[in-house]
Amino acid sequence: GVITSPRQVVLPEGPYQKLQGIPMIRQILLYPPLILNPPMNKRSGKFERIMSNPLDVVELDKNEWLCYPAKVGPLVMLVYFHKKFFELGLSLCNLFEMADDNDLKRKPDAVYTFGVQGDVLDHYGKMPTVFFDDQANDILVGAVPGRDEFGYFGYLKKMVLTLHNIKIMKSGRLPFHGAMVRIILKGNKDLTCLFIGDTGAGKSETLEALRAIGEEEIQDIIIIADDMGSFEILPDGKVIGYGTEIGAFLRLDDLQPGYALGQIDRAIIMNANQVNARIILPVTTFDNLIKGHQLDFIFYANNYEDLDEEHPILERFSTAEAAIKVFRDGTVMSKGTTTTSGIVHSYYANVFGPVQYKELHDKIAEKYFHAFFKAGIFVGQMRTRLGLNGWERNGPQEAAKELLNTIQKT
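Note that residues are indexed from 1 along each chain, following the sequence as it is written. Local features in this predicted model are restricted to residues of pLDDT 70 or higher, and side-chain atom pairs are both shown and tallied only at a pLDDT of 80 or more, whereas totals for entire chains, interfaces and linings draw on every residue. The basis for every side-chain value is the complete set of non-hydrogen atoms in the structure, without hydrogens or water.

Now for the overall build of the chain. Starting at the N terminus, helices and strands are each numbered in turn, a helix being any DSSP run of H or I of at least four residues and a strand any DSSP run of E of at least two. Scanning the chain from N- to C-terminus turns up 8 helices and 24 strands. Put simply, the radius of gyration uses C-alpha atoms, and a globule should come to 2.2 Å times the residue count raised to 0.38. Whereas a compact globule of 410 residues would reach a radius of gyration of roughly 22 Å, the chain reaches 21 Å, a difference of no more than 12%. Based on the C-alpha atoms only, the size of the chain along its principal axes is roughly 65 × 45 × 40 Å. We call two residues in contact when some of their heavy atoms are within 4.5 Å. Intrachain contacts of the chain at a sequence separation of at least 6 include 76% that bridge at least 24 residues. Approximately 17100 Å² of the chain is accessible, and the part contributed by carbon and sulfur atoms is 49%. Residue burial considers only the protein chains on display, and all accessible areas are found by Shrake-Rupley using a 1.4 Å probe.

Let us now look at the pattern of salt bridges. Any carboxyl oxygen of Asp or Glu that lies within 4 Å of a side-chain nitrogen of Lys or Arg is treated as forming a salt bridge with it. Per the stated rule, a full pass over the model turns up 24 salt bridges. In this structure, K83 engages E64 in a salt bridge whose closest nitrogen and oxygen atoms are separated by 3.8 Å. With K83 in the loop between β6 (75-82) and α1 (86-90) and E64 in the loop between β4 (48-50) and β5 (65-72), this pair connects stretches of sequence that are 19 residues apart. Judged by relative accessible area, K83 falls into the partly exposed class, the value being 46%. Classification of residues uses two cut-offs on accessible area relative to the type maximum, computed with a 1.4 Å probe and protein chains only: under 20% is buried, over 50% is exposed, and between them is partly exposed.

Moving on to empty space enclosed by the protein. Only protein atoms enter the 1 Å grid, on which a cavity is a set of points fitting a 1.4 Å probe that cannot get out and a pocket is an open set with protein on both sides within 12 Å along at least 5 of 7 lines, lining residues being those with an atom within 4 Å of a point. Grid points are joined across faces, edges and corners, and a volume is the space filled by probe spheres set on the points. One pass over the structure, following the stated rule, counts 1 cavity of 30 Å³ or more. By volume, the largest cavity is sized at about 80 Å³. If you go around the largest cavity, the residues you meet are L174, P175, F176, H177, I196, F231, F327, Y348, N350, H361, F369 and F372. Residue assignment for the lining of the largest cavity shows that the elements contributing at least two residues are β11 (174-185) and α7 (358-374). In this count, Pro and Cys sit with the nonpolar residues alongside Ala, Val, Leu, Ile, Met, Phe, Trp and Tyr, while Asp, Glu, Lys and Arg are called charged and the others, Gly among them, polar. Of the residues belonging to the lining of the largest cavity, the class tally is 9 nonpolar, 3 polar and no charged.

What follows covers the pairing of strand β18 (residues 278-282). By the criterion of burial, β18 is predominantly enclosed, with 4 of the 5 residues buried. The rule for pairing is simple: two strands pair if DSSP sees at least two bridges between them. Across 5 bridges, the pairing between strand β16 (residues 247-251) and β18 is antiparallel. In the strand pairing of β18, L250 is matched with I279. Sheet topology note: the strand β17 (residues 268-270)/β18 ladder contains 3 bridges and is antiparallel. When the sheet's bridge partners are listed, I268 is paired in β18 with I280.

Attention now goes to the environment of F96. Note that F96 resides in the loop between α1 and β7 (97-98). Looking at F96, the relative accessible area reads 1%, which means it is buried. The sequence separation of F96 and T285 amounts to 189 residues, and the corresponding C-alpha distance is 9.8 Å.

Once that is clear, we can look at helix α8 (residues 394-409). Between the first and last C-alpha of α8 there are 23 Å, a value that for 16 residues agrees with the 22 Å anticipated at 1.5 Å per step. Burial in α8 covers these residues: G395, P396, A399, A400, L403, L404, T406 and I407. Buried positions in α8, seen along its axis, are confined to an arc of 165° and lie on one side of it. The length a helix should cover is 1.5 Å for every residue beyond the first. Along the arc lie the directions from the helix axis toward the C-beta atoms.

Attention now goes to unusual backbone geometry. At the junction of P32 and P33, the peptide bond is cis and its omega measures out at 0° in the coordinates. By secondary structure assignment, the location of P33 is in the loop between β2 (24-28) and β3 (34-36). Positive phi values are uncommon outside glycine, yet N188 reaches one of about 70°. Tracing the backbone through its elements, the reader meets N188 in the loop between β11 and β12 (189-196). Judged by relative accessible area, which is 59%, N188 ranks as exposed. Positioned with a positive phi, N271 is a non-glycine residue whose angle comes to about 55°. Looking at the secondary structure, you find N271 in the loop between β17 and β18.

This part takes up the nonpolar core. Grouped together as the largest cluster of nonpolar side chains are 71 residues, with contacts concentrated most on F231, F327, F369 and F372. With 9 residues, helix α2 (residues 153-170) is the single largest residue contributor to this core. With residues up to four places along the chain from it excluded, the contact list for F369 reads L174, A320, A323, I324, F327, Y348 and V379. Joining through side-chain atoms within 4.5 Å is the link that ties buried Ala, Val, Leu, Ile, Met, Phe, Trp, Tyr and Cys residues into a set, and such a set is a nonpolar core.

Read from one edge of the open sheet, 4 strands run β3-β17-β18-β16, paired in mixed fashion. Sheet topology places β3 and β16 at the edges, where each strand pairs with a single neighbour. On average, each strand axis in the sheet is tilted by 20° relative to the strand beside it, whichever way the strands run. Between N-to-C directions, angles cover 0 to 180 degrees, with each direction set by a line fitted to C-alpha atoms, over the stretch in contact for helices.

Following this line, the structure appears as structure tokens:
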């Protein structure tokens, strides 16, 4: 059940006025489990920056669109979706906090039209999944066509996070692609860890192993960022981290046997009978992700190197320059969960924004990595060995044991 309001929103003049009058979602009632079968079960290509506003060519029938106003970390984005993809758009309620009336009193940081009808975007290329940086109006604009090939939730989530990362960089802060958690040991020892890495690097697997082996020592693991977030340097030099999503968009195959069934009363499940079946679950609260947590550990999740005397499970970098090289290279052993396989490189393990703004991102990253070391944060890499044959389970388990020992000694 959906309650909408025909409210006017604060938008620049010009093509943005096409969005006025599209019903704004104010409440969603959901009785999980919700089982969906969208037309596509994977995402390909990347989001391309274009030099003209897609809203110039997009036509919107207000009777066929809805808007989900999403709080994405500190930002507010208006996500417009066509009725062809209603089930995908409404599923955003399990991933992003809905913006409240106060949030809607100001101009949004970005607008996104998902499911544009006709072929008006096709002149942008073979994969017309595009965004425009409207510097004159200080707003970002995303657009994706309404064809079946784009009927996958990943096109919704990752475009929103791409726009988040760009806006964060333009404000002088550093985005990250990774999992950030607050680990509370029994006895009230409290540390915050961030694991940066691409898909299949072993971030989630190591955290799941940590939950299992640390059952006696760990009081709680609180998720701050499941997939994307950002850093901020405070005036006193401390570095704090924020998340973006209250939920997680996970592959069913990556979860422990029985875990999904235990969460069935909160779950939206997509393409359950296909390869890359997915589940959307709430995993944290907006208060947790927006509060700002001081960092203690930042690890690069290395899934491709075996261990020896020079390559321990946990390796601490001695300089910011050494850390920057590893994080910037973004090396990972791809396990074929995307369209790549073998050893691949991904700039800072994040193709969602930083790649399109490399020059800006390089300057910010250098500043922040030096701030990490100045603040005394443990910056290193964790060898999960997830990409090596035979180590898919034991690699993350041994990494989790080593991490727990290190945390206890800190």
